[in-house]
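The residues making up each chain are set out below.
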Amino acid sequence: FNPDRQFRADYKISKNGKTVLVEYEGLMATKSRHTSPRGYTMDCEKYNLMTKTGYKLLRYTVFNFNDIIDDLEEVLG
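So, here is what we can say about the structure in this document. All of these numbers come straight from a predicted model, not from anything done at the bench.

1. Observations regarding the sheet that holds strand β2 (residues 18-24)
Piece 1. Taken in spatial order, the three strands make up an open sheet running β1-β2-β3, and their pairing is mixed. Each edge of the open sheet carries a strand with a single partner, namely β1 (11-15) and β3 (56-60). Neighbour to neighbour, the strand axes of the sheet diverge by 25° on average, direction disregarded.
Piece 2. In this structure, β1 lies alongside β2, joined through five bridges in antiparallel fashion. When the bridges of β2 are listed, isoleucine 13 appears paired with valine 20.
Piece 3. The strands touched by helix α1 (residues 37-52) within the sheet are β2 and β3, with β2 carrying the most contacts at an inclination of about 170°.

Rules used in this analysis
Residues numbered from 1 in each chain as written. Predicted model: local features only at pLDDT ≥ 70, side-chain atom pairs only at ≥ 80, totals over all residues. Heavy atoms only, no water. Pairing = 2+ DSSP bridges. Helix = DSSP H or I, 4+ residues; strand = E, 2+ residues; numbered from the N terminus. Axes fitted to C-alpha atoms, helices over the stretch in contact; angles between N-to-C directions. Contact = heavy atoms within 4.5 Å.

Below you can see the structure in the form of structure tokens.
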């Protein structure tokens, strides 16, 4: 979503002229950059940049990923 910073979203979904970025947080992995202080900080920078550049962001973990379809329908219409 941002070639200047080489940030990528896990998924980019567009419908009806709207775009949503989706992030799946790998918190259940034995070793995850999402849970280290540096990795979490970098994720926060990425999420803030997504918002500042006008994207809507949905985030999921192993515990709530079943909500994604309903959430996408709600946000994208």
